[in-house]
Amino acid sequence: MYSGFYFLSTFHYNTPLTMRLFLLMTGCLMAAIVFGQNTTTNSNDSGIVLNEVTVTAFHTTTQWKTMPAAIAVITDKDIARYAGTSLVPVLNALPGIRMEERSPASYRLSVRGSLLRSPFGVRNVKVYWNDLPLTDGGGNTYLNLVDLGQLSGAEVLKGPAASVYGTGTGGVLLLKSDQSFTRSGTHQYELGLSGGSYGLLQQQAGWQYSNQSFASSFHQSHQQSDGYRQQSAMRKDAAAWHGTLQFKQQQLRFLAFYTDLYYQTPGGITLAQLQQDPKLARQPSGTLPGAVQQQTAIYNKTGFAGVHHEAVLSSSFDLKSFVTGNITRFENPFITNYEKRAEENLSGGTHLVFHKDNEHHAFQWMNGAEWIYNHSNIQDFGNSAGKPDTVQFRDNIYAAQWFIFSQMEYRMAAKWSFTAGVSVNNQLYRFSRLTDPSSVYIHTNNGVVATPRFAVLYRLNKQVSLYALAAKGFSPPTLAELRPADRTYHGELQAEYGWNYEAGIKGIIADQRLQFDVAAYYFQLKDAIVRRSNAQGAAYFVNAGGTTQKGLEALVKYQLLKKEACLITVVNLWSSYSYQPYYFDAYKQGAVDYSGNRLTGVPQNSWVNGADLVMHNGIYANISLNCAASIPLTDANDANADAYQLLQFKLGYQWKTAGRTIHFFAGIDNALNQVYSLGNDINAVGKRYYNPATGRNCFAGIHFQFL
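Since we're looking at a predicted model, the values are computed, not measured. Residue indices begin from 1 for each chain and proceed along its sequence in written order. The predicted origin of the model limits local features to residues at a pLDDT of at least 70 and limits the giving and counting of side-chain atom pairs to 80 or more, whereas totals for whole chains, interfaces and linings rest on all residues. Only hydrogens and water are removed before side-chain values are computed, so all heavy atoms of the structure are retained for them.

A. Geometry of the nonpolar core. Counting residues in hydrophobic clusters, the biggest one holds 50 residues, and the most contacted among them are Leu91, Leu109, Leu143, Leu173 and Leu175. At 4 residues, the largest contribution of residues to this core is made by strand β14 (residues 250-264). A contact between two residues is defined here by any heavy atoms of the two lying within 4.5 Å. What Leu143 contacts, discounting residues up to four positions off in sequence, is Leu87, Met99, Tyr107, Leu109, Val122, Val127, Leu173 and Leu175. Working definition of a nonpolar core: buried Ala, Val, Leu, Ile, Met, Phe, Trp, Tyr and Cys residues. They are joined through side-chain atoms within 4.5 Å. We call a residue buried when its accessible area falls under 20% of the maximum for its residue type, exposed when it is over 50%, and partly exposed in between, using a 1.4 Å probe and counting protein chains only. Met67, Ile71, Val164 and Ile508 belong to the second-largest nonpolar core, a separate cluster that totals 21 residues. Note on conventions: DSSP H or I runs of at least 4 residues are helices, E runs of at least 2 residues are strands, and numbering of each starts at the N terminus.

B. Expanded view of the packing of aromatic side chains. Two aromatic rings, drawn from Phe, Tyr or Trp (for Trp, its six-membered ring), form a pair once their centres lie within 6.5 Å of each other, and the interplanar angle then sorts them: stacked below 30 degrees, edge-to-face above 60, tilted otherwise. Going through the model one piece at a time under the given rule, you end up with 24 aromatic pairs. Relative to Phe354, the ring of Phe317 has its centre 5.1 Å away and its plane inclined at 50 degrees; by these criteria the two rings are tilted. Note that Phe317 is positioned in strand β16 (residues 317-333) and Phe354 in strand β17 (residues 338-357), a separation of 37 residues in sequence. Within the aromatic cluster, the residues linked to one another by ring pairs are Phe58, Tyr128 and Tyr165. Stacked on the ring of Tyr521, the Lys or Arg Arg112 has its end atom at 4.1 Å from the ring centre. Here, a charge over a ring means that NZ of Lys or CZ of Arg falls within 6 Å of the ring centre while also lying within 35 degrees of the ring normal. If you follow Lys650 out to its NZ or CZ, it ends over the ring of Phe665, 4.8 Å from the centre.

C. Representation of the environment of Ser221. Looking at the element boundaries, Ser221 is found in strand β12 (residues 214-225). The class of Ser221 is buried, set by a relative accessible area of 2%. As for Ser221 and Gly149, which are separated by 72 residues in sequence, their C-alpha atoms are 8.1 Å apart. Once residues within four sequence positions are removed from consideration, Ser221 is found in contact with Asp147, Gln203, Gln204, Lys236, Asp237 and Ala238. Here Asp147 takes part through its side chain, which lies 3.1 Å from a polar atom of the side chain of Ser221. Polar contacts, as used here, are pairs of N or O atoms within 3.5 Å; protein pairs need one atom able to donate a hydrogen and one able to accept it. Residues neighboring in sequence count only if both atoms are side-chain atoms.

D. How the structure looks around unusual backbone geometry. One non-glycine residue, Asp131, lies in the positive phi region at around 70 degrees. You can see Asp131 is positioned in the loop between β6 (125-129) and β7 (132-133). Even without glycine at this site, Asn670 takes up a positive phi of about 50 degrees. The residue Asn670 is located in the loop between β38 (660-669) and β39 (697-706) in this model. Among the residues examined, Asn670 registers a relative accessible area of 3% and is labelled buried.

So this is what it looks like as structure tokens:
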């Protein structure tokens, strides 16, 4: 109760309307919970249930409530709640997760942690798509290459999961694109077109085919925007193919995609500039030009292909394997240089599962290995108004990470579940500066690190489970940290590591209408990797003591109504809360001691509330309010980003007839027109911390689906 009152006290509401809306939504949710606990359901209301949630985390398919881990599940309905142009609002609705977008398509992601290591990109979170790794051998993930329309859902494993997934202290993101089979050959087509403020335009087209043993789907999309700020336009063209071939005892799943992505990078501005005009890009300073003059941007062209194979070897043995390959051509005109990268990536993995079960006991033992390789040829030129100039450096880098793992799980009498796993990890780099007169390779090896995980779960009844776990995480520096924007190879960087201790309770009660998930954790990180900036504003990284990251998360979903015969057929309420009082531990920079300071880039409290309504005639409405507390912008805690509240609406209509669906929708993002930064440049030189997000904006679209 104390943390709840403290949380409310940290928010500052800019208008009485915001306060009224927030209290109204919270009050409705609490009233709904009370109502649900005291209402009985007769036989005619048997349809009033939440769908049973199944997860595939840790390579085990089971009910969400019986998995001894903190797992956030994203469904297709969660994705459809927003405009459909970005993953940001979808992931930010989950407790413990923060996704930022400094400019359209420039993603950053943290799970129960800080963005200290991520001036750009996705690091310290392993990402898979249909069990194929998108994270490369250097630890980087181009999550912005994935088009949201290609996904059917996702799972987020929060906290270290190295016992099965290898390096990373943050967590794991498992993207899903499900396919199904039909008795006879069936074709299905879809077309979509939407647009909105600031030149937003999105076009989508898709085709699906399925029969008893084969499913195939192709999805194409184009998205563009002029951007809210100067130098913040974007364009993305993406095409993806998914295929599944089903045999009697085997299954092959294919994934291939190509994405051509371009987005401008406006850069950070100061508080005075933010207050003067939040649409400004980074301004010239001293001898350095600004973002507009240098045409700062990202160009990324990536082709990816992978295949995943599953085989039932016997009644007790299953074998699962994968192989992937991809090529990236990357260019980045920046303020001080123009970088070109040619990247080639390979990966492969396999695991063998032994399982034996009967009425009262179930045992599973899994052993496997994974290997990911990256080769990057990096060239740095001078930047002459957005064009490459004189060669400055040419670097050749090879990165590889591998791990082997073993995990046992024993379930007893439908009450107890015990899990023990361990992986052995290694990260290797070879670096050579080809422009040096005597070019030699520098070898960096983080050594072999064991990362165990232990978990226990007890089912209070069929609907509610308690769990506890202890897990070690290990996260070596990524390629982008060993060779950062200052263009110096920092082979002295060490891996960060730590133990996470956690306990939680989750389940579905009140006649299957109330779903809840509450977790408390304590994670101590050692040798934390943090960002620094040189005089030109280029980032580099150092190991800086440690951090203490303890927190509380809660997610509640309540189905207030589901009656097919009524005008309003479905009313769902939900609420997500994160309490993260993170702080530095034994952290000194020179003679300055930052120990005890709040961890940079993390709001101490975040609360998201929402409601979904569906009417019998096909009209639906979604509303959500995302409240984030103030965020420290420097390790010294001498600058903070203000708290903000994002109000989002979506209204739509679905008309269905034989084999056809027509879907109209429209909505408003940032309805309160908040001026806030969704992607701060922490510890930035010149106090250029802020990357203002889009103000109030609207969107609308139409989608056709037909056989």
